[in-house]
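# Chain and residue survey
Given next are the chains, with one letter for each unit.
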Number of protein chains: 2
Amino acid sequence: MTEVDAILTGGSVAAMNDDFDLFSPGAVAVRGGLIQAVGSADQILAAYTAEQVVDCGGCAVIPGLINAHTHAPMTLLRGVADDLRLDVWLMGYVMPVEQTFVRPDFCWLGTQLACAEMIRSGTTCFADMYYYEEAVADAAAEAGLRAICAETVLRFSTPDALSFDEGLEHTRDFILRWKGHPLIMPAVGPHAPYTTTAQLLRSCAQMALELDVPLHIHIAETAQEVEEHRAEHGMPMVPWVKKQGVFEAKVTAAHCVHLDEGEMHTLQHHGVGVSHNPTSNLKLASGFAPVVRMLELGIDVGIGTDGPASNNDLDMWEEMRLAALLAKGVTSDPTALPARQALAMATIGGARALHVDQHTGSLEPGKRADVAVVDLQRIHNTPRFARDPDALYAQLVYAAKGSDVRDVMCQGQWLMRERNLLTLDEEALAAEAANIARKIDTFLIHREESVLSKLLVIGQVAQEKTFEVQVKVHLTDAQPAERLLSSSEIVVVKPSVRRQYDTYFLFDDPYHSRLRYREDELIDEDGQVQDALYRLTLISETKEREYARLVLLSRSRFDAPATRSRRFYREYFKPVAEVAVHKERRRYRVRYGGTDFAINLDQPLKPELPGMFLEIKSRTWSRQDAERKAELIGDLLDLLQLEQPELVKQEYVELAVEAEGLDEEIG
Amino acid sequence: MTEVDAILTGGSVAAMNDDFDLFSPGAVAVRGGLIQAVGSADQILAAYTAEQVVDCGGCAVIPGLINAHTHAPMTLLRGVADDLRLDVWLMGYVMPVEQTFVRPDFCWLGTQLACAEMIRSGTTCFADMYYYEEAVADAAAEAGLRAICAETVLRFSTPDALSFDEGLEHTRDFILRWKGHPLIMPAVGPHAPYTTTAQLLRSCAQMALELDVPLHIHIAETAQEVEEHRAEHGMPMVPWVKKQGVFEAKVTAAHCVHLDEGEMHTLQHHGVGVSHNPTSNLKLASGFAPVVRMLELGIDVGIGTDGPASNNDLDMWEEMRLAALLAKGVTSDPTALPARQALAMATIGGARALHVDQHTGSLEPGKRADVAVVDLQRIHNTPRFARDPDALYAQLVYAAKGSDVRDVMCQGQWLMRERNLLTLDEEALAAEAANIARKIDTFLIHREESVLSKLLVIGQVAQEKTFEVQVKVHLTDAQPAERLLSSSEIVVVKPSVRRQYDTYFLFDDPYHSRLRYREDELIDEDGQVQDALYRLTLISETKEREYARLVLLSRSRFDAPATRSRRFYREYFKPVAEVAVHKERRRYRVRYGGTDFAINLDQPLKPELPGMFLEIKSRTWSRQDAERKAELIGDLLDLLQLEQPELVKQEYVELAVEAEGLDEEIG
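Numbering of residues begins from 1 in every chain and follows the order in which that chain's sequence is written. To read the labels, note that chains go from A and ligands from 1, taken in the order they are written. Given that the model is predicted, a residue must reach a pLDDT of at least 70 before its local features are reported, and side-chain atom pairs must reach 80 or more before they are shown or counted; all residues, however, enter totals for whole chains, interfaces and linings. Remark: hydrogens and water are excluded; side-chain values derive from all non-hydrogen atoms of the structure.

Only heavy atoms enter the contact rule, under which two residues are in contact if any of them lie within 4.5 Å. Every contact between the two is made by 68 residues of chain A and, on the other side, 68 residues of chain B. The quantity reported as buried area is the accessible area (1.4 Å probe) lost by two parts once they are put together, taken as the sum for both. Taking both sides of the interface into account, the surface hidden between chain A and chain B amounts to around 5400 Å²; carbon and sulfur atoms contribute 61%. Of all residues in chain A, the largest losses of buried area upon contact with chain B belong to A:Ile379, A:Phe385 and A:Arg387, amounting jointly to 16% of the total for that side. Basic side-chain nitrogens of Lys or Arg form a salt bridge, by our definition, when they fall within 4 Å of a carboxyl oxygen of Asp or Glu. Our enumeration of links across chain A and chain B arrives at 12 salt bridges.

Okay, here's the thing in structure tokens:
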């Protein structure tokens, strides 16, 4: 009789080794953090004794689950924004919040929270990729969980590195400090091909090879990224990444939704592991990964939850179940990805994908004792059938839930017994998390109070006030304007013809803000579009001042190039209404009385208003300057030689609302 | 201050009414089984008092979930067979087990088990469709759950009706007995267009109209059923069902996976509710239902789990989440089917789809008090954000789980408090279920012990023994056979040419059974295939007896038309090996010595054996008859006029194994 530390006996043991051994009733003997023996209960109890003998009757005893791709600290962003397009979600919410809040203590707390959730649902190993990865590593180690911690490197500045050189330096330091830790495997995480550069990828691959650590990367998550990559580099993503030497390292590629057959062969050939993240791929509408084909080709495919901001949890049971179900739906084959294979992906397959299968992923003598005990006697898993040995896997994958996990051990240490966490204080973690959530709420609520501050968050430019004096005249034809422009008193500097398609987003905020999204097409002499400019301008409804002859002083509080689509702004700003104004504009820069003016002769296209409009405008800096320019504008009006100029106080957007009502495009 | 029975206060109340009112902290006042008032906690506590005030702080208070399509008693078949094709699963396992085991006590127990699981996960109303529906109704009523109970009617015999007339009679009796019950709404359930007839559908529709009860039916679950329907009836399924007057009744159609635009319009026009069953549709690889389009068209779409044998549980949280996720993946739009809409489908949408929205589905004064209280403070749902009111829905749909449900009330009666079931004894139910499972296991194990009994279960024909005496001669060419056939002593009655493609399934069972699947093509004079027959024959390896000149007495224990595909039989019987034998056979029925014989002149095609084979055979009934025929066969051999006939003892399958080894087709 050999003395061991603990014996888990009486359950149905699924070893998840190459032979898929099942022992029922079976037992696992654990000594020194390692698995000493696995077999039938009789056999093990005859050969080993232990002070701690844990009765696992009515339970399944399985390898601890392996979450092959997540961003653990993002538990703190769980539910911060949902059901949005990827760009709105990422650039409108997640990235601004990350830039403001992500610090080492945020990552530490978020990871501990994640560990509590992962332990509760039977996960003993996870592959992480975030910022301040040292805090992630420290939090995981303290929780007693195994983790592959990849420090994220991007070509732009991140919450923990102003440049990628700095990021690489950080990463090297982190790896050197943590290499050889019994639970933590540090790694390098170049974020994705589209967020890095060839040089950056080469540096990361060299570092991974030199320091002998894994490399974690996102590959081919969205169709858009894949199409843009091909357009830019003239080759598919995988061969391009290979060209940078990345696949010489021990690589895990997350997502791999949009790959062609050749790319899959390349991954297989280079032993690249894949993390399949079905919930995230559905929730962000990224697509259906060709999982069945990858498995057929012999690629090591694990399962990941992705970050809890796009899932919204870290429950590998939901993920396993979804992987098994989705494969059947996508291939129209109900025998595709059967339960045993799904559980294998979540255990030994994940270990292989992460290049840690020598340590974990199955219950085999010599491996580290990473074990989950799952209660199969809950009412939702009743009754049990014994005929088909595969029924155990079906029970685990199709009916069991994260909340059925009773006990969890990692490297021989109990992390949960009878659903009590032993290494973490959930209540304290939840209270701290609630604090952070309140601060994030305040940040976002404050931001959303005014359209301007919401705009500033994504605008990446400073607030800028612009004052203009201007007058608008309605004309029945172009003649008066031609008289003005041909007057000897003015000099026409720069004429141009434009077609301007404006979309005004209207808001209910205290400022009655209007955000104008302008597509400004510059038309050449042949009537062709020569260039197009996109601008975003925030205008408040109130006029600053009114001078004689309806010369108005107006203010725009923000004016910047519009770098994203109208659709993005619409979904991000959620206006209460939307109005379209289209016009052809003849624009002249003129000098008069030693002063620069812009004269616009506008032909409205939408709404269809009769006649034309003439605008005379000038920028201004001071009240005194504004008064002087208002007077000059009065003189210019005289040059129109109209008996009674029909002055218009309203802006085009107001005329449009009057003429057509609000645009129906908004839901 | 008005006195009520109970006040649930302090939680976030999601009323799921037309305005999607949210009260946080909110309260619900309950009196006489009905909702008296819903509002902010302050407001309700100021207006009402109750002896029972339940603190719902940290919880969401929502309408009880509605499972719009299930077969509750099938909890007892949960996990009996998984990861199989629909036909193998249904005809090979589920239907044989149902025919043997489904009795009223089975349905009662299975439903009670289902109710326990549904209450635990917050479901207060379900639409059922099974056999002995009265037992289902009784079990649900005793558990205190609301149910729409549709007695299944099919055109063939069912566990509770030998013919459909009998089924209709049962149904009418059941409806008359249960109509007006406070919790149970009896209904009629014609199974599906492909399992009923036009006449049967018309009768069901008339009954539903006459007795004013709902009608529950499966529609367009699989592509195959839809294609076959169109081929048979020359029109799509929905208009055909409409033609039978079905949509005059209050109809709920389950699945609706394969509908065209016109069919969806028809459903909408007639107020047909739909139950979307995403897990089942994936697990059986039925396809992706056009849910987003149906919702756009204004169809009332609820969510169902389908039976727990194809899910494998009754968890509406998994179903809601999957409905929301899948819609995004299928439409490539991450804003499709947002969380609020998913929760609406699982509550008020389901109530509308089931035509019970006047009673349940939302928290509104006057409706029955069907309520679930969901703990939102579990670690997997931490932290919470307050900025976006829709965040509550996202929490519920994307992160909450069935196990988070704390309390459940149906019609004002508490069914669960603090996760303790109040109307059911789970342990006793589980023990009884284990008993049934053991019996089903025994039945299936016994059946699988021999290929014959497995065959008999699906064969729908009696076991039939056939004895044959036969001899086989190897020839280098056809000449000897021609001599025999042109002999004046015999009369050739019926010559034919066939190409026979045989697949032998080999088994490791005690009988060394061989199951032959034969595609027998009858070739006309022009060499064209005139007809094809499919037969299944079970042969045991051992010869019954051997006579002089290698005349053998052999026995086939089962011989029947093969009505299903080779693929079906392969997956159902799971042979250990598979061997192909193809040959061209010239077959002659001859009379000789007053006795009928068959003479086969066979040219092997696969394996490619040199020369030809001649077989002389005759059926026999008794030992004496067999001896006589063996002698006659000896005489016939002489007519070949061969010096030394090369007699062959082996069967073709044995020659094939020798020549080519076992077929590699089997995995």
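Attention now moves to the nonpolar core. Where a protein is soluble and globular, its nonpolar side chains tend to be buried together. Among buried residues, those of type Ala, Val, Leu, Ile, Met, Phe, Trp, Tyr and Cys that are joined through side-chain atoms within 4.5 Å constitute a nonpolar core. Relative accessibility thresholds used throughout: buried, under 20% of the residue-type maximum; exposed, over 50%; partly exposed, between the two (1.4 Å probe, protein chains only). Grouped together as the largest cluster of nonpolar side chains are 320 residues, with contacts concentrated most on A:Ile219 and B:Ile219. Dropping the residues within four chain positions of it, B:Ile219 is found in contact with B:Pro193, B:Glu225, B:Met237, B:Val238, B:Val241, B:Phe247, B:Ala253, B:Ala254, B:His255, B:Cys256, B:Val257 and B:Leu259.

Taken together, A:Asp165, A:Glu166, A:Glu169 and A:Asp173 make up a surface patch of like negative charges. Following the sequence through the fold, A:Glu169 ends up in helix α5 (residues 164–178). Like charges within 9 Å and nonpolar side chains (Val, Leu, Ile, Met, Phe, Trp, Tyr) within 5 Å are joined into patches, using only residues over 30% in relative accessible area that form no salt bridge. Exposure was quantified through the Shrake-Rupley algorithm and a 1.4 Å probe, taking into account, for residues, occlusion by the shown protein chains and nothing else. For this count, His and the chain ends are skipped, Lys and Arg are scored as positive, and Asp and Glu as negative. The atom standing in for a charge is NZ when the residue is Lys, CZ when it is Arg, CG when it is Asp and CD when it is Glu. We count a stretch as a helix when DSSP gives it H or I for four or more residues in a row; a strand needs E for two or more, and each element gets its number in order from the N terminus.

With that settled, consider the environment of B:Asp508. Structurally, the position occupied by B:Asp508 is in the loop between β19 (491–506) and β20 (514–523). Each C-alpha atom, one on B:Asp508 and one on B:Ser450, is 9.5 Å from the other, the two residues being 58 residues apart in sequence.

On to the relation of the copies chain A and chain B. Overlaying chain A on chain B yields an RMSD of 0.3 Å, the required transformation being a rotation through 180 degrees with an accompanying axial translation of 0.0 Å. Seen this way, the second copy is the image of the first under a two-fold rotation axis. Minimal C-alpha distance to the rotation axis in chain A is attained by A:Ser403, lying at 3.4 Å. Taken as a fraction of all interface residues of chain A, those also at the interface in chain B reach 100%, which identifies the copy contact as same-surface. Here the copies are matched by least squares. The fit uses the C-alpha atoms of residues with pLDDT of at least 70 in both.

Residues and elements named next belong to chain B. Here Asp602 shows up in strand β25 (residues 595–606). Of the residues examined, Asp602 reaches a relative accessible area of 0% and is grouped as buried. We define a polar contact as two N or O atoms separated by no more than 3.5 Å, with the added condition that, inside protein, one atom must be a possible hydrogen donor and the other a possible acceptor, whereas residues neighbouring each other in sequence contribute only through side-chain atom pairs. Side chain to side chain, Asp602 and Arg585 meet in a polar contact 2.8 Å long. Polar side-chain contacts of Asp602 include one of 2.7 Å to the side chain of Tyr652.

Next up on the list: the side chain of B:Lys283. For B:Lys283, the position within the fold is in helix α10 (residues 278–283). Discounting chain neighbours no more than four positions away, the residues touching B:Lys283 are A:Leu325, A:Lys328, A:Pro334, A:Tyr398, B:Asp82, B:Ala309, B:Ser310, B:Asn311 and B:Asn312.

All names here are of chain A. To estimate the expected span of a helix, count its residues, drop one, and scale the result by 1.5 Å. The end-to-end C-alpha distance of helix α12 (residues 316–331) is 22 Å, a good match for the 22 Å that 16 residues give at a rise of 1.5 Å each. Within α12, 14 of the 16 residues are buried, which leaves the element mostly enclosed by the surrounding structure. The opening residue of α12 is Asp315, an N-cap whose side-chain oxygen sits 2.8 Å from the backbone nitrogen of Trp317. Ser332 lies just past α12 and shows a positive phi near 55 degrees.

The next point concerns the pairing of strand β10 (residues 215–219) of chain B. Residues and elements named next belong to chain B. β10 sits mainly inside the fold: five of its five residues count as buried. The alternating pattern of β10 places Leu215, Ile217 and Ile219 and His216 and His218 on opposite faces, both of which are buried. Here β10 pairs with strand β11 (residues 251–255) via five bridges, running parallel. Each residue of the ladder has a partner; that of His218, found in β11, is Ala254. Should DSSP find at least two bridges between two strands, the strands are taken to pair.

Residues and elements named next belong to chain A. Those residues of helix α17 (residues 479–486) not exposed but buried are Pro480, Ala481, Leu484 and Leu485. Angularly, the buried residues of α17 cover 135 degrees about the axis, an arc narrow enough to put them on a single face. Turned more than 90 degrees away from the buried face of α17 sit Gln479 and Ser486, all of them exposed. Taken from the helix axis, the directions to the C-beta atoms give the arc we talk about.

Another point: the packing of aromatic side chains. For Phe, Tyr and Trp, where Trp contributes only its six-membered ring, two rings pair if their centres lie within 6.5 Å, and the inter-plane angle classes them as stacked under 30 degrees, edge-to-face over 60, or tilted in between. On inspection of all chains with the given rule, the structure shows 23 aromatic pairs over all chains. Ring geometry for B:Tyr569 against B:Phe573: centres 6.2 Å apart, planes inclined by 25 degrees, an arrangement best described as stacked. Placement of the pair is B:Tyr569 and B:Phe573 together in helix α18 (residues 566–573), with a separation of four residues, close to one helical turn. With respect to burial, B:Tyr569 and B:Phe573 carry one shared label: buried. Aromatic ring contacts, followed pair by pair, group A:Tyr93, A:Phe507, A:Tyr517, A:Tyr534, A:Phe568, A:Tyr569, A:Tyr572 and A:Phe573 into a single cluster. Across the ring face of B:Tyr398, the terminal group of A:Lys283 is positioned such that the distance to the ring centre comes to 4.6 Å. Geometrically, a lysine NZ or arginine CZ counts as sitting over a ring once it is within 6 Å of the ring centre and also within 35 degrees of the ring normal.

Residues and elements named next belong to chain A. Positionally, Gly92 belongs in helix α2 (residues 86–101). Residues Gly92 and Lys606 lie 514 residues apart in sequence; the distance between their C-alpha atoms is 31 Å. With residues up to four places along the chain from it excluded, the contact list for Gly92 reads Asp87, Arg447, Ile458, Phe568 and Tyr572.

Now for the pairing of strand β15 (residues 405–410) of chain A. All names here are of chain A. With six of six residues buried, β15 is to be regarded as a mostly interior element. Relative to β15, strand β14 (residues 371–375) runs antiparallel, the two sharing four bridges. Note on β15: the bridge partner recorded for Val371 is Met409. For β15 and strand β16 (residues 413–417), the ladder comprises three bridges, and the chain directions are antiparallel. The residue bridging Cys410 from the neighbouring strand is Gln413, located in β16. The antiparallel pairing of β15 with β16 creates a hairpin that spans two residues between the two strands, and Gln411 there sits at a positive phi of about 50 degrees.

Residues and elements named next belong to chain B. Inter-axis angles, ranging from 0 to 180 degrees, are taken between N-to-C directions of lines fitted to C-alpha atoms, where helices are fitted over the stretch in contact. Closest axis-to-axis distance for the helix α13 (residues 339–353)/helix α14 (residues 391–399) pair is 8 Å, and the angle between their directions is 70 degrees. With respect to α14, the axis of α13 lies roughly perpendicular. Viewed along their axes, α13 and α14 form a crossing whose handedness is left-handed. Along the contact surface, α13 presents Ala339, Arg340, Ala342 and Leu343, while α14 presents Tyr393, Ala394, Leu396, Val397 and Tyr398. Partitioned by chemical class, the residues of the contact of α13 with α14 number eight nonpolar, no polar and one charged. We call two directions roughly parallel when the angle between them is under 35 degrees, roughly antiparallel when it is over 145, roughly perpendicular when it lies between 65 and 115, and oblique otherwise. In this scheme the crossing of two helices becomes right-handed for a clockwise turn of the near helix relative to the far one and left-handed for an anticlockwise turn of less than a right angle. Throughout, the ten residues Ala, Val, Leu, Ile, Met, Phe, Trp, Tyr, Cys and Pro are labelled nonpolar, Asp, Glu, Lys and Arg are labelled charged, and all others, Gly among them, are labelled polar.

Moving on: the packing of α5(A) against helix α6 (residues 198–211) of chain A. All names here are of chain A. Here α5 crosses α6 at 10 degrees, and the two axes come no closer than 11 Å. Judged on the interaxial angle alone, α6 and α5 are roughly parallel. α5 and α6 meet at a crossing whose hand is right-handed. On α6, the residues that touch Phe164, Leu168, Thr171, Arg172, Ile175 and Leu176 of α5 are Leu200, Ser203, Cys204, Met207, Glu210 and Leu211. Classifying every residue of the contact of α5 with α6 by side-chain character gives eight nonpolar, two polar and two charged.

What follows covers the confidence of the model for chain A. As a per-residue quantity, pLDDT reports the predictor's confidence and falls between 0 and 100. Averaged over every residue, the pLDDT of chain A is 92; the share at 70 or more is 97%. Predicted as a complex, the structure gets a pTM of 0.82 and an ipTM equal to 0.81.

A few words on unusual backbone geometry. In this structure, the amide linkage connecting B:Asn311 to the following residue, B:Asn312, adopts the cis form with an omega of 10 degrees. If you trace the backbone, B:Asn312 turns up in the loop between β13 (301–303) and α12 (316–331). In this chain, B:Lys606 is followed by B:Pro607 through a cis amide linkage whose omega measures -5 degrees. Phi angles above zero are rare outside glycine, and A:Ala285 is one such case at about 55 degrees. Mapped onto the fold, A:Ala285 is located in the loop between α10 (278–283) and α11 (291–296). You can call A:Ala285 buried: its relative accessible area is 13%. In this structure, A:Gln411 is a non-glycine residue whose phi angle is positive, near 50 degrees. Residue A:Gln411 is classed as partly exposed on the basis of its relative accessible area of 23%.

A word on the pattern of salt bridges. Residue and element names in this part refer to chain A. Per the stated rule, a full pass over the model turns up 84 salt bridges over all chains. The salt bridge involving Asp407 is made with Arg406; its shortest N-O contact spans 2.6 Å. Here Asp407 falls in the buried class, since its relative accessible area comes to 0%. Arg406 gets classed as buried once you look at its relative accessible area, which sits at 10%. Across the salt bridge formed by Asp602 and Arg585, the nearest N and O atoms sit 2.8 Å from each other. Residue Asp602 is found in strand β25 (residues 595–606), and its partner Arg585 is found in strand β24 (residues 577–592); the two are separated by 17 residues along the sequence. For Arg585, a relative accessible area of 4% gives the class buried.

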